[in-house]
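Architecture and fold: a report
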Amino acid sequence: MRIGELSRRTGASRRSLRYYEEQGLLESTRSASGQRHYSEEHVERVGLIRAFLAAGVSSTAIADMIPCMKRPSVDEARRAARTMARERARLTSTVESLRVSMNSLEELMETNRRYLAEHS
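Before going into details, it helps to say that this report is about the structure given with it. Being a predicted model, the structure only gives us computed values, none of them experimental.

1. A look at the nonpolar core
Counting residues in hydrophobic clusters, the biggest one holds 17 residues, and the most contacted among them are Leu6, Leu17, Tyr20, Leu25, Leu26, Val46 and Ile62. Of all the elements in the fold, those that place two or more residues in this core are α1 (3-10), α2 (14-22), α3 (41-54) and α4 (59-65). If sequence neighbours within four positions are ignored, Leu17 has contacts with Ile3, Leu6, Ser7, Ala12, Leu26 and Val46.

Have a look at this one:
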């Protein structure tokens, strides 16, 4: 499939897809005229990349993790495992911070509801 179809199927802009290639997150083949071509597996890969980016994982960290999927080797797997563990710890910390914020917001909302019930 060409870049426009991959963009439509994944919701990623063409510009984002080109950026993913520049960062080594995505690989395409080229036609004789230089057009990018992607396979069906790229749809899932772009979804994974977008999910990681949305979670705050850097493109550098994603690039460190992806080679273990494309070209498995012991060295790549070890490097990827270190990156994955670091990112999991960072995401766990972020989730905990979000839970604390959510609990605080819920307490504030309850205080506000009680105030409104008493003064309305």
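2. Describing the pattern of salt bridges
Working definition: two side chains of opposite charge can pair if their charged atoms are close together. Following the criterion strictly, the structure yields 10 salt bridges and no others. Between Glu87 and Arg86 there is a salt bridge whose closest N-O contact spans 4.0 Å. Of the residues examined, Glu87 reaches a relative accessible area of 9% and is grouped as buried. A salt bridge links Arg99 to Glu96, with the nearest nitrogen and oxygen atoms 2.5 Å apart. Taken together, the residues Arg99 and Glu96, both in helix α6 (residues 74-119) and 3 residues apart, mark about one turn of the helix. Owing to a relative accessible area of 48%, Arg99 belongs among the partly exposed residues under this scheme. Beyond isolated ion pairs, a larger network of salt bridges with shared partners links Glu5, Arg9 and Glu40.

3. Notes on a nonpolar patch on the surface
A cluster of nonpolar side chains, namely Met102, Leu105, Leu108 and Met109, defines an oily patch on the protein surface of about 390 Å² accessible area. With respect to the helices, strands and loops of the structure, Leu108 is situated in helix α6.

4. With respect to a positive patch on the surface
Together, Arg2, Arg8, Arg14 and Arg18 make up a positively charged patch on the protein surface. Within the element layout of this structure, Arg2 appears in the segment before α1. Residue classification places Arg2 among the partly exposed positions, given a relative accessible area of 47%.

5. Side note on the packing of aromatic side chains
Throughout the structure, instances matching the rule amount to 1 aromatic pair. Ring geometry for Tyr19 and Tyr20: centres 6.4 Å apart, planes at 65 degrees, overall edge-to-face. Residue class for Tyr19 comes out partly exposed when judged on its relative accessible area of 35%. The exposure class of Tyr20 is buried, given its relative accessible area of 5%.

Procedures and definitions
- Residues numbered from 1 in each chain as written.
- Predicted model: local features only at pLDDT ≥ 70, side-chain atom pairs only at ≥ 80, totals over all residues.
- Heavy atoms only, no water.
- Core = buried A, V, L, I, M, F, W, Y, C linked by side-chain atoms within 4.5 Å.
- Buried < 20%, exposed > 50% of the residue type's maximum accessible area, 1.4 Å probe, protein only.
- Helix = DSSP H or I, 4+ residues; strand = E, 2+ residues; numbered from the N terminus.
- Contact = heavy atoms within 4.5 Å.
- Salt bridge = Lys/Arg side-chain N within 4 Å of Asp/Glu carboxyl O.
- Patch = residues over 30% accessible without salt bridge, like charges linked within 9 Å, V, L, I, M, F, W, Y side chains within 5 Å.
- Areas by Shrake-Rupley, 256 points an atom, 1.4 Å probe, with all protein chains shown as cover.
- Lys, Arg positive; Asp, Glu negative; His and termini not counted.
- Charge placed at Lys NZ, Arg CZ, Asp CG, Glu CD.
- Phe/Tyr/Trp six-rings, centres within 6.5 Å; stacked < 30°, edge-to-face > 60°.

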